[in-house]
Amino acid sequence: MSDQPHEISRSSQAARVAAVLGALIIIILVAAPWWAGRADMRLMGELFLYLALASLWNLMAGYAGLVSVGQQAYVGFGGYMLFALTIFGGLHPVFAIAGAGVLGALIAIPVATLIFRLRGAYFAIGTWVIAEVFRLSFAQLSALGGGSGSSLPVGIVRSLASSRSGRESLSYWMALGAAVTAITVVYLMLRSRRGLALTAIRDNELAAGSLGIDIWRTKFVVYVVASGLTAMLGALIFLQKLRISPDAAFSVNDWTAFVIFIVVIGGIGTIEGPIIGTLIFFALRETLADLGTTYLIVLGVVAIVVMLKAPKGVWGFIVERYDIQLLPLRYRVNVKEHAKR
Amino acid sequence: MCAAPFYLKVQMSPILQINGLNKAFGAVTVADDLSFALQQGEALGVIGPNGAGKTTMFNLITGTLAPDKGAILFKGENVTKHSAARRCRAGMARSFQVPQPFSGMSVFENAMVAATQSSGLSGQVAEQLCLDVLDQTALLNKANTLAGSLTLLDRKRLELTRALCAKPKLLMLDEIAGGLTESECTSLIQTIKDIHASGVSIIWIEHVVHALLAVVDRLIVIDFGSKIAEGAPKEIMASPEVQEIYLGIEVDA
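Right, let's get into the nonpolar core. Counting residues in hydrophobic clusters, the biggest one holds 96 residues, and the most contacted among them are Phe 48 and Tyr 223 of chain A. With 16 residues, helix H3 (residues 38-63) of chain A is the largest single contributor of residues to this core. For Phe 48 of chain A, the residues in contact, after removing those within four places along its chain, are Leu 29, Tyr 172, Ala 175, Leu 176 and Ala 179 of chain A. Counting residues in hydrophobic clusters, the runner-up holds 64 residues, among them Ala 43, Ala 166, Ile 189 and Trp 204 of chain B.

Quick look at the structure:
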């Protein structure tokens, strides 16, 4: 056809508005050390780290079908690598965080070749077992405190910045940077040619394989990238905590159960879902945490209600009613204006 | 279109050759010593009763299912151990009898998956191919519809669309004419004739026999997982075996 009256667009009005708003919000957040209190910054820093963890878990589970309940393996591994690289390697903490990411990705390679032999529920259990193996192994390392853990030496903490407020600003910015990086990586990956493959795998593996998509390789790349970035996040998390122990580092509750809650509530298989889920999770936590056990019961009830009433999560619920998306991933075929009959 | 069969006009080199394929699920044999060859540019029809093993044969050829015994040669290369994805990139594309859409993606995005992943196209070239194929398969006006909300008929059209966007050298169609109106069927036949005329080899499983006979050069009959007849379409349709299967007339009567 020579005069094709159709054109393809990948953006939308909502996406352009969202991009402007997103940029504004990021600018305001970057300036937080000048307008927010110490406690608020700490809370926001934690929120950003959870947002990053959730975005990466969503990339694996929501798109590649890799339902891992063992990502705490990489959070803990990254945390321990931060301690090892700074204490024994003498690296500056910022370089140690990058190093933890690289090492996390490297160790994810043999782990992937092992657990990719398992399918479905067996895969999920396999990832958990791997995480337990990591936890037990690090508990054996007496140089890093064994089962009781160790603290980051004061000298290393000071090397970040001399003043306490300087350190807090820096670790806040690194958390914000981590969240922006994680979402950007997920976004760019999904918008690329590989993203089409991943979305196809999400919807139908049989058809995806029959259309030339190397499912194993696609999942492998996702697993290694997500795990490497998760290890970096782990390093960041324990740079803020300043203390590490096997139980805290490899906690399935803290680093996987809450993350799954966030993604499922927000909307699995969408970029926007984890963002909304993180906001809901922190809103619940900050208002209900004083109630102790009741807080966990409320989380459970919210999870059950969302799964029954809106199985695609809050964002899925919105998208079903209003055809919008904030991050432009879709292709839209439009009839060209001048060619309209 | 009544000239000599297409495969006699080009040199006789098989694009696909299957040798002694066997597959059993427990005691049920679904492929029993299946062998045949498809010449470059040929269109082959496959008929047989429901549950005869026609779709299983497609699954074996495309790599969705591994045979217990036997070999599959595509363009002269033994692909028996290759994954479905690798066979697709080598030039095989199929439609599924039970449509397998990417439900959460639009019709256009479904087509884009095929164009980018199997043909290895990108950017505007891929987009243009998808638009052209969607126009050909009458789905262009539904390009932005989510595949999960299509009717069964449109899902079948989408199966054909995706297979074509993969730019196959061998196109394998599994019952795509069922449920079409007379005029839709005529245009489908024309579409497949056009694809065939462009040099694509075709294997087509179809119960709508008149559609099949309008396109194919040769016919094979499958029952209980084995090939029971093979030859020119007219002769095969008139043969006692086919008469028995389709009309219930006994061979000895």
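Moving on from the model shown.
Between chain A and chain B, the contact holds 25 residues from the first and 34 residues from the second. Together, the buried faces of chain A and chain B total about 2700 Å²; carbon and sulfur atoms form 60% of this surface. Sorting the residues of chain A by area buried against chain B places Arg 193, Leu 211 and Tyr 331 of chain A first, and these three jointly supply 23% of that buried surface. Applying the counting criterion to the chain A and chain B interface returns one salt bridge.

Next up on the list: helix H9 (residues 193-203) of chain A. Taken residue by residue, H9 of chain A has Gly 195, Leu 196, Ala 197, Leu 198, Thr 199, Ala 200 and Ile 201 of chain A as its buried positions. Of the residues flanking the start of H9 of chain A, the one acting as N-cap is Ser 192 of chain A, its side-chain oxygen 3.2 Å from the backbone nitrogen of Arg 194 of chain A.

Here the focus is the sheet that holds strand E8 (residues 201-205) of chain B. All names here are of chain B. With respect to topology, six strands assemble into an open sheet ordered E6-E7-E8-E3-E9-E10, the strand pairing being mixed. Bordering the open sheet on either side are strand E6 (92-94) and strand E10 (226-231), each of which pairs with just one other strand. When the angles between neighbouring strand axes are averaged without regard to direction, this sheet yields 20°. Examined bridge by bridge, E6 and strand E7 (residues 170-174) share three bridges and lie parallel to one another. Its bridge partner lying in E7, Arg 94 is registered against Met 172. Contacts from helix H7 (residues 182-197) reach strand E3 (43-47), E7 and E8, with the element oriented near 150° to E8.

Let's shift gears to a positive patch on the surface. On the surface, a cluster of positive charge is made up of Arg 193, Arg 194 and Arg 217 of chain A together with Arg 86 and Arg 89 of chain B. Put simply, the parts of the chain that give the positive patch at least two residues each are H9 of chain A together with helix H3 (84-89) of chain B. The topology assignment puts Arg 217 of chain A in helix H11 (residues 215-241).

Right, let's get into the packing of aromatic side chains. Residues and elements named next belong to chain A. Under the defined criterion, the tally for this structure stands at 22 aromatic pairs over all chains. For the pair Tyr 74 and Phe 134, a centre-to-centre distance of 6.1 Å together with 65° between the ring planes defines the contact as edge-to-face. Remark: Phe 134 occurs in helix H6 (residues 120-140) and Tyr 74 occurs in helix H4 (residues 72-87); sequence separation between them is 60 residues. Overall, the relative accessible area of 0% leaves Tyr 74 in the buried class. Using a relative accessible area of 11% as the deciding quantity, one classes Phe 134 as buried. Ring pairs connect the aromatic residues Tyr 74, Phe 77, Tyr 80, Phe 116, Phe 123, Phe 134, Phe 138, Trp 216, Phe 220, Tyr 223 and Phe 250, which therefore count as one cluster.

Attention now moves to the packing of helix H13 (residues 252-266) of chain A against helix H14 (residues 272-288) of chain A. Between two packed helices, the angle of one axis relative to the other and the distance separating the axes together describe the packing. Residue and element names in this part refer to chain A. At a minimum axis separation of 7 Å, H13 and H14 run at an interaxial angle of 115°. Of the two elements, H13 crosses H14, and the hand of that crossing is right-handed. Where H13 abuts H14, its residues Phe 258, Phe 261, Ile 262, Ile 265 and Gly 266 lie against Gly 273, Pro 274, Gly 277, Thr 278, Ile 280, Phe 281 and Leu 284. Residues that form the contact of H13 with H14 fall into these classes: eight nonpolar, four polar and no charged.

Before going further, it helps to examine the confidence of the model for chain B. Per-residue confidence for chain B gives a mean pLDDT of 88, with 92% of residues at or over 70. Highest mean pLDDT in chain B belongs to E8 of chain B (95); lowest belongs to helix H1 (residues 6-9) of chain B (51).

We now examine the sheet that holds strand E5 (residues 77-78) of chain B. The antiparallel open sheet is built from four strands, whose spatial order is E2-E1-E4-E5 (chain B). Edge positions in the sheet fall to strand E2 (28-39) and E5 of chain B, since each of these pairs with one other strand and no more.

Its 17 residues give H14 of chain A an end-to-end C-alpha distance of 24 Å, which sits within 8% of 24 Å, the value for a rise of 1.5 Å per residue. Considering only its buried residues, H14 of chain A is in contact with H3, H13, helix H15 (293-309) and helix H16 (313-321) of chain A.

Here the focus is the pattern of salt bridges. All names here are of chain A. Tallied over the entire structure, the rule returns 20 salt bridges over all chains. Of the charged contacts, one joins Glu 46 and Arg 285 as a salt bridge, the two residues approaching to 2.9 Å between their closest N and O atoms. With a gap of 239 residues between them, Glu 46 in helix H3 and Arg 285 in helix H14 connect regions that are remote in the sequence. Between Glu 132 and Arg 135 there is a salt bridge, with the nearest N and O atoms lying 2.9 Å from each other. Here Arg 135 and Glu 132 lie together in helix H6, a separation of three residues that amounts to about one turn.

On to the environment of Arg 87 of chain B. All names here are of chain B. Here Arg 87 is to be found in helix H3. When the C-alpha atoms of Arg 87 and Gly 123 are compared, they prove to be 24 Å apart, with 36 residues separating the residues in sequence. Beyond its immediate sequence surroundings of up to four residues, Arg 87 is in contact with Leu 60, Ile 61, Thr 62, Gly 63, Ile 72, Phe 74, Val 79, Thr 80, Lys 81, His 82 and Met 92. Within the structure, the side chain of Arg 87 is placed 3.0 Å from the backbone oxygen of Leu 60, a separation counted as a polar contact.

In this section: the state of the cysteines. Per the stated rule, a full pass over the model turns up zero disulfides over all chains. Cys 130 of chain B forms no disulfide, and the closest cysteine sulfur to it belongs to Cys 165 of chain B, at a distance of 4.1 Å.

Here we come to unusual backbone geometry. What you tend to see is this: most non-glycine residues have negative phi, and most peptide bonds are trans. All names here are of chain B. Within the chain, Lys 75 stands out as a residue other than glycine whose phi angle is a positive 50°. Structurally, Lys 75 is set in the loop between strand E4 (69-74) and E5. Here Lys 167, not a glycine, exhibits a phi torsion of approximately 45°, which is positive. Within the secondary structure, Lys 167 sits in the loop between helix H6 (152-165) and E7. By relative accessible area, which is 48% here, Lys 167 ends up partly exposed.

Analysis parameters
Residues numbered from 1 in each chain as written. Chains lettered and ligands numbered in written order. Predicted model: local features only at pLDDT ≥ 70, side-chain atom pairs only at ≥ 80, totals over all residues. Heavy atoms only, no water. Core = buried A, V, L, I, M, F, W, Y, C linked by side-chain atoms within 4.5 Å. Buried < 20%, exposed > 50% of the residue type's maximum accessible area, 1.4 Å probe, protein only. Helix = DSSP H or I, 4+ residues; strand = E, 2+ residues; numbered from the N terminus. Contact = heavy atoms within 4.5 Å. Buried area = accessible area lost by both parts, 1.4 Å probe. Salt bridge = Lys/Arg side-chain N within 4 Å of Asp/Glu carboxyl O. Polar contact = N/O pair within 3.5 Å; in protein donor to acceptor, adjacent residues only side chain to side chain. Pairing = 2+ DSSP bridges. Axes fitted to C-alpha atoms, helices over the stretch in contact; angles between N-to-C directions. Patch = residues over 30% accessible without salt bridge, like charges linked within 9 Å, V, L, I, M, F, W, Y side chains within 5 Å. Areas by Shrake-Rupley, 256 points an atom, 1.4 Å probe, with all protein chains shown as cover. Lys, Arg positive; Asp, Glu negative; His and termini not counted. Charge placed at Lys NZ, Arg CZ, Asp CG, Glu CD. Phe/Tyr/Trp six-rings, centres within 6.5 Å; stacked < 30°, edge-to-face > 60°. Left-handed = near helix turned anticlockwise from the far one by under 90°. Nonpolar A, V, L, I, M, F, W, Y, C, P; charged D, E, K, R; others polar. pLDDT = per-residue confidence, 0-100. Expected span 1.5 Å × (residues − 1). Disulfide = S-S within 2.5 Å.

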